[in-house]
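# Examination of the molecular architecture
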Amino acid sequence: MKRVPRVWANLLVGVSLLTAVPPVSSQVPSAAPDFTLLNQDGARIRLSQFRGRLILLNFIYTHCVDICPLTTVKLVAVQAELKKRGWFGTKVVILSMTFDPRRDTPAVLKAYARKFGVDHAGWHFLSGESATVQKVVR
């Protein structure tokens, strides 16, 4: 049996701590509905443009002082591992969507990402209209 690399194990532990509802074995994953939001550079990003790649989608807000920075740090470690394997941006992308689009403008998200050393070749920070963000969250 192959061991899970430490960075993946840490991320899985972090994600499992954030999971409010345990997975139900009878549930079959379905495709997420397409959406368009703005990334940290103000470019329009569609979920469908990443078809065929694994998408790690998480939700943050830049004024969060506890779990959001911790999750971002874990994802930076995942970013490093994906780069080592040559998968970052080509096979796997990370999308971090804000819960607080009113305050988290593209410029604010860009500054937040810069603080953590995010590489935007495969990681986008997304914001947009509140209605669109809420639709995706649901």
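Our structure is the block above this text.
In this report, the structure presented in the accompanying data block is examined. (Residues numbered from 1 in each chain as written. Predicted model: local features only at pLDDT ≥ 70, side-chain atom pairs only at ≥ 80, totals over all residues. Heavy atoms only, no water.)

## Describing the sheet that holds strand β3 (residues 54-60)
Spatial ordering of the open sheet is given by β3-β4-β5, a layout of three strands whose pairing is parallel. Edge strands, defined here as strands with exactly one partner in the open sheet, are β3 and β5 (123-126). In this sheet, adjacent strand axes meet at a mean angle of 20 degrees when their direction is disregarded. The pairing of β3 with strand β4 (residues 92-98) spans seven bridges and is parallel. Paired with Leu 57 across the strands is Leu 95, a residue of β4. Sitting on the sheet, helix α2 (residues 67-85) touches β3, β4 and β5, and the angle it makes with β3 is about 160 degrees. Sheet strands touched by helix α3 (residues 106-116): β3, β4 and β5. Its angle to β5, the strand with the most contacts, is close to 140 degrees. (Pairing = 2+ DSSP bridges. Helix = DSSP H or I, 4+ residues; strand = E, 2+ residues; numbered from the N terminus. Axes fitted to C-alpha atoms, helices over the stretch in contact; angles between N-to-C directions. Contact = heavy atoms within 4.5 Å.)

## Examining the packing of aromatic side chains
Under the defined criterion, the tally for this structure stands at four aromatic pairs. Consider the rings of Tyr 112 and Phe 116, whose centres lie 4.9 Å apart with planes at 55 degrees: the pair is tilted. Linking Tyr 112 with Phe 116, this pair stays in helix α3, spanning four residues, or about one helical turn. Judged by relative accessible area, Tyr 112 falls into the buried class, the value being 5%. Aromatic side chains Trp 123 and Phe 125 sit 5.4 Å apart centroid to centroid with 20 degrees between the ring planes, which places their arrangement in the stacked category. Across the pair, exposure class does not vary: Trp 123 and Phe 125 are buried alike. (Phe/Tyr/Trp six-rings, centres within 6.5 Å; stacked < 30°, edge-to-face > 60°. Buried < 20%, exposed > 50% of the residue type's maximum accessible area, 1.4 Å probe, protein only.)

## So, the nonpolar core
In this structure, Ile 60, Tyr 112, Val 118, Trp 123 and Phe 125 are the most contacted members of the largest nonpolar core, which totals 17 residues. Among the secondary structure elements, those contributing two or more residues to this core are α2, β4, α3 and β5. Here the element with the most residues in this core is α2; it accounts for five residues. Setting aside chain neighbours within four positions, we find Trp 123 in contact with Gln 40, Thr 72, Leu 75, Val 76, Gln 79, Phe 88, Ile 94, Leu 95, Ser 96 and Val 118. Counting residues in hydrophobic clusters, the runner-up holds 10 residues, among them Leu 37, Leu 47, Val 93 and Leu 126. (Core = buried A, V, L, I, M, F, W, Y, C linked by side-chain atoms within 4.5 Å.)

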